Amino acid sequence: MLHGPNLNLLGSREPEHYGHQTLEEIDEAIRSEAARLKAEAECRQSNHEGQLIDWIQGAGRDFQGLLINLGAFTHTSVALRDALAASKLPAVEVHLSNIHAREEFRRESLTAQVVWGLISGLGARGYTLGLTALIERLRNDGKETR
Ligand code: DQA
């Protein structure tokens, strides 16, 4: 799970858009959903584009899939889009808010074209739903998830 910029502020940041759950609570929910499905999840957050690119580039060594919420970089970063396009791992993009129901500049996701699936607007539930779908797909593909 890769969380992008400002998502470390969840809980206090614009709760009308992003809810009241903290990043720690969301990460705990992701890890326990993974454990329930007999898989393992590691959660990381960075405010830095280059760090996120490095993690995406390196993910193929240790992981089978990517769950991402790249925050505002979703709408701006050709570099993150290219990193995802180069990655061989299937990715699910998650947004807490419905990006299509907000400002014009949020309606375009540069990464949407290169991810396997996208969930937007279901709040924190989107992460566990995305994770479940990703694990199901990996199992269907015959990939080990632990
Ligand atoms: C977000 C939506 C983005 O537009 C915004 O910049 C975020 C969070 C979401 O989860 O709804 O940081 O990705």
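Residues numbered from 1 in each chain as written. Predicted model: local features only at pLDDT ≥ 70, side-chain atom pairs only at ≥ 80, totals over all residues. Heavy atoms only, no water.

## Some thoughts on the site of the ligand
Then comes step 1: Arg13, Tyr18, Asn69, Gly71, Ala72, His75, His95, Leu96, Ser97, Ile99 and Arg106 make up every residue found near the ligand.
Then comes step 2: Between the ligand and Leu96 there is a distance of 2.8 Å, counted from an oxygen atom to a backbone nitrogen or oxygen.
Then comes step 3: Out of a free accessible area of 330 Å², the ligand has 99% covered by protein chains.
Then comes step 4: Class assignment for the residues of the shell around the ligand results in 4 nonpolar, 5 polar and 2 charged. (Near = heavy atom within 4 Å. Polar contact = N/O pair within 3.5 Å; in protein donor to acceptor, adjacent residues only side chain to side chain. Areas by Shrake-Rupley, 256 points an atom, 1.4 Å probe, with all protein chains shown as cover. Nonpolar A, V, L, I, M, F, W, Y, C, P; charged D, E, K, R; others polar.)

## Quick look at the pattern of salt bridges
Then comes step 1: Taken as a whole and assessed by the stated rule, the structure comprises 9 salt bridges.
Then comes step 2: Where Glu42 meets Arg44, a salt bridge forms, and the shortest distance between an N and an O atom there is 2.8 Å.
Then comes step 3: Judged by its relative accessible area of 38%, Glu42 falls in the partly exposed class.
Then comes step 4: Close ionic contact of Arg106 with Glu103 constitutes a salt bridge, the shortest N to O distance being 2.7 Å.
Then comes step 5: You can call Arg106 buried: its relative accessible area is 15%.
Then comes step 6: By relative accessible area, which is 34% here, Glu103 ends up partly exposed.
Then comes step 7: Through salt bridges with shared partners, a single ionic network connects Arg102, Glu103 and Arg106. (Salt bridge = Lys/Arg side-chain N within 4 Å of Asp/Glu carboxyl O. Buried < 20%, exposed > 50% of the residue type's maximum accessible area, 1.4 Å probe, protein only.)

## Some words on the packing of helix 3 (residues 49-62) against helix 5 (residues 78-86)
Then comes step 1: Look at helix 3 against helix 5: their axes get within 9 Å of each other, and the N-to-C directions meet at 5°. By the angle class used here, helix 3 and helix 5 are roughly parallel. For the pair helix 3 and helix 5, contact is made by Glu49, Leu52, Ile53 and Ile56 and by Ala79, Leu80, Ala83 and Leu84, respectively.
Then comes step 2: Split by residue class, the contact of helix 3 with helix 5 holds 7 nonpolar, no polar and 1 charged. (Axes fitted to C-alpha atoms, helices over the stretch in contact; angles between N-to-C directions. Helix = DSSP H or I, 4+ residues; strand = E, 2+ residues; numbered from the N terminus. Parallel < 35°, antiparallel > 145°, perpendicular 65-115°, else oblique. Contact = heavy atoms within 4.5 Å.)

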